Amino acid sequence: MATAKKRMNPWFKRILYGIIIVALLGAGLVWYIFSEKFADTSETPADFTVNAMDLIHEFEKNDSLANKKYTEKIIVVNGTVSGIEPADTTVNIKMVDTASGSYVIFAFQPQHRDEAKTIKAGDNVSIKGSCSGGAYSNILETEYITFKRCALNK
Amino acid sequence: MKKTILLIALVAASGSMFAQKKTTTSGTVNFDATTTLDQLPKAENKTVIVAIDPAKGTLAFEVPIKSFTFGNPKIQEHFNGPNWLDSEKFPTSTFKGIITNISTIDFTKDGSYSADVEGDLTIHGVTKPVKTTGKITVKGKAVTANAEFSVKLADYGIDGPPVGAGKVSKEPKIIVAADLN
């Protein structure tokens, strides 16, 4: 006895395929967004190139304006290293304005941390990093600007 | 008489030298809010300002929130966004407290000392008292401070959808390490 094959409504079929495609695209997009890593800073184009002392003075003058301009931007900072500070298992590079005590400090990206260890106080360097902004420290009573994901700018 | 005065002056000078404030601008704070559902909310901040005043027994730190580095850009964006730390509005977290057993810590003698810390922790604009025990290690002129504790995000008004959905731990672990000079 032949069984009557019930055919699916073509519109229902199209809608079902559409939902499956959208769900797959959505899942792919979510996977892409949450598995994405920050790019290597050394290969990321810079938004600004500045001198360390000029940057410090700009923040000292008006840190709200400077924060709007520089925060989360990739910046190349040129200057003379004032000191190297141990930061857990690695080191940070620091440039200080000796007149005011204000400073800019650079924490390096994991793949560039060995580069930081080669730098010495007094070296003239060019460092590229993501500016985290600046603020006034009530502990040190100076302005400070921090950078993350840094690399030597070659 | 002159010799006695000179001796007293020297002892006083060395005492004040040892009692000088110890600071760093490269303190490290590791933030771990991972859960079984999500291993991404984990970050480190290596530009924390930390100060210990051995004479007064005070401990303070300032944490620039935007300096936290996550592996994933989207999680970092969420962390700084209005549902989490809202770093635009509250750019810094601070701690101001005292080491209650400072008299048992000899900053002039090599050793590892337990430090009982009490103070006010401000996160997301909310200040709460906290109490923890850390470790201070003295080796020559180098002083290292370490502490590990957890905070209840709800206490600091942080209760966005990711926390409710179990993707962010309700009590993240905070690990502080500082090499002070």
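No experiment lies behind these values; they were computed from the predicted model shown. (Residues numbered from 1 in each chain as written. Chains lettered and ligands numbered in written order. Predicted model: local features only at pLDDT ≥ 70, side-chain atom pairs only at ≥ 80, totals over all residues.)

Give me the overall build of chain B: which residues, what numbers.
The helix and strand tally for chain B stands at three helices and nine strands. Going residue by residue from the N terminus, the α and β elements of chain B occur as α-β-β-β-β-α-β-β-β-β-α-β. Sequence-distant contacts in chain B: of pairs separated by 6 or more residues, those separated by 24 or more amount to 56%. (Helix = DSSP H or I, 4+ residues; strand = E, 2+ residues; numbered from the N terminus. Contact = placed C-beta atoms within 7 Å.)

Now, about the overall build of chain A: what can you tell me, with residues and values included?
Secondary structure summary: chain A contains four helices and seven strands in total. Counting from the amino terminus, chain A carries its helices and strands in the arrangement α-β-α-α-β-β-β-β-α-β-β. In chain A, buried positions account for 30% of the 154 residues. (Buried ≥ 20, exposed ≤ 12 C-beta atoms within 10 Å, placed from the backbone.)

Could you give an account of unusual backbone geometry, with specific residues and numbers?
All names here are of chain A. Even without being a glycine, Arg149 presents a positive backbone phi close to 50 degrees. Take Arg149: it is sitting in strand β7 (residues 142-152). We classify Arg149 as buried; it has 23 C-beta atoms within 10 Å.

Break down the interface of chain A and chain B for me, with residues and values.
Much of the literature gives interface size as the accessible area that the parts lose upon coming together. Every contact between the two is made by 25 residues of chain A and, on the other side, 23 residues of chain B. Breaking the side of chain A that touches chain B down by element, the ones donating at least two residues are α1 (10-35), β3 (83-87), β4 (90-96), β5 (103-108), β6 (124-137) and β7 of chain A. Residue classes in the side of chain A that touches chain B are distributed as twelve nonpolar, six polar and seven charged. (Nonpolar A, V, L, I, M, F, W, Y, C, P; charged D, E, K, R; others polar.)

So what's going on with helix α2 (residues 52-61) of chain A? Which residues, and what values?
All names here are of chain A. Among all positions of α2, only Ala52, Leu55, Ile56 and Phe59 are buried. Here the buried residues of α2 occupy an arc of 100 degrees about the axis, which is enough to place them on one side. What points out from α2, more than 90 degrees from its buried face, is the exposed set Asp54 and Lys61. (Arc of directions from axis to C-beta.)

Tell me what's going on with the nonpolar core, and back it up with residues and numbers.
Judged by nonpolar contacts, the single largest core of 40 residues is most densely connected at Val50(B), Phe79(B) and Ala145(B). Taken together, the elements giving at least two residues each to this core come down to β1 (22-32), β2 (42-53), β3 (58-64), α2 (73-80), β5 (92-99), β6 (111-123), β8 (142-150) and β9 (173-180) of chain B. In terms of residue count, β2(B) provides more of this core than any other element does, six residues in total. Other than its neighbours up to four places away in sequence, Val50(B) contacts Thr23(B), Thr24(B), Gly27(B), Phe61(B), Ala145(B), Ala178(B) and Leu180(B). By size, the runner-up hydrophobic cluster in this structure holds 28 residues, among which are Phe59(A), Val91(A), Ala116(A) and Phe147(A). (Core = buried A, V, L, I, M, F, W, Y, C linked by C-beta atoms within 7 Å.)

Could you give an account of the sheet that holds β7(A), with specific residues and numbers?
All names here are of chain A. What the seven strands build is an open sheet, ordered β1-β2-β6-β7-β5-β4-β3; its pairing is mixed. Each end of this open sheet is capped by a strand with a single partner; those strands are β1 (48-51) and β3. Strand after strand, the sheet turns through a mean of 35 degrees between neighbouring axes, direction not considered. By the bridge criterion, five bridges tie β3 to β4 in an arrangement that is antiparallel. Counterpart to Glu85 in the pairing with β4 is Asn92. Running over the sheet, helix α3 (residues 63-70) touches β1, β2 (74-80), β6 and β7 and is turned about 135 degrees from β6. (Pairing = 2+ DSSP bridges. Axes fitted to C-alpha atoms, helices over the stretch in contact; angles between N-to-C directions.)

Explain the pairing of strand β7 (residues 126-139) of chain B residue by residue, including any values.
All names here are of chain B. Note that β6 and β7 share 13 bridges and pair antiparallel. For Asp120, the partnering residue across the bridge sits in β7 and is Pro129. In textbook terms, the turn of a hairpin is the stretch between consecutive antiparallel strands, and for β6 and β7 this stretch comprises two residues, one of which, His124, has a positive phi near 60 degrees. With five bridges joining them, β7 and β8 adopt antiparallel strand pairing.

Account for the environment of Ala116(A), with residues named and values stated.
All names here are of chain A. Counting through the fold element by element, Ala116 comes out in helix α4 (residues 113-117). For the pair formed by Ala116 and Thr44, sequence separation is 72 residues and the distance between their alpha carbons is 18 Å. In this structure Ala116 touches Thr90, Val91, Ile93 and Phe108, once residues within four positions along its chain are discounted.

Tell me what's going on with α2(B), and back it up with residues and numbers.
Three or more residues of α2(B) are buried, namely Ile75(B), Gln76(B), His78(B) and Phe79(B). Burial along α2(B) is one-sided: seen end-on, the buried residues are contained in an arc of 160 degrees.

Any details on the confidence of the model for chain B? Residues and values, ideally.
Residue and element names in this part refer to chain B. Chain-level statistics for chain B give a pLDDT mean of 88 and a share of 87% at 70 or above. Of the regions scoring below 50 in pLDDT, residues 7-18 engages in three contacts with residues more than four places distant in sequence or in other chains. For this predicted complex, the interface score ipTM comes out at 0.86, while the overall pTM is 0.86. (pLDDT = per-residue confidence, 0-100.)

Residue-level account of the environment of Phe106(A), with values.
Residues and elements named next belong to chain A. In this structure, Phe106 sits in strand β5. Sequence separation between Phe106 and Ile145 is 39 residues; the distance between their C-alpha atoms is 8.8 Å. The contact partners of Phe106, leaving out residues within four places of it in the chain, are Asn92, Ile93, Ile127, Gly129, Phe147 and Cys150.

Tell me about the environment of Ile105(B), residues and numbers included.
All names here are of chain B. Its location among the elements puts Ile105 in the loop between β5 and β6. A C-alpha to C-alpha distance of 37 Å links Ile105 and Val168, two positions 63 residues apart in sequence. Those residues within four positions of Ile105 in sequence are excluded, and the remaining contacts are Ile99, Tyr113, Ala115 and Ile136.

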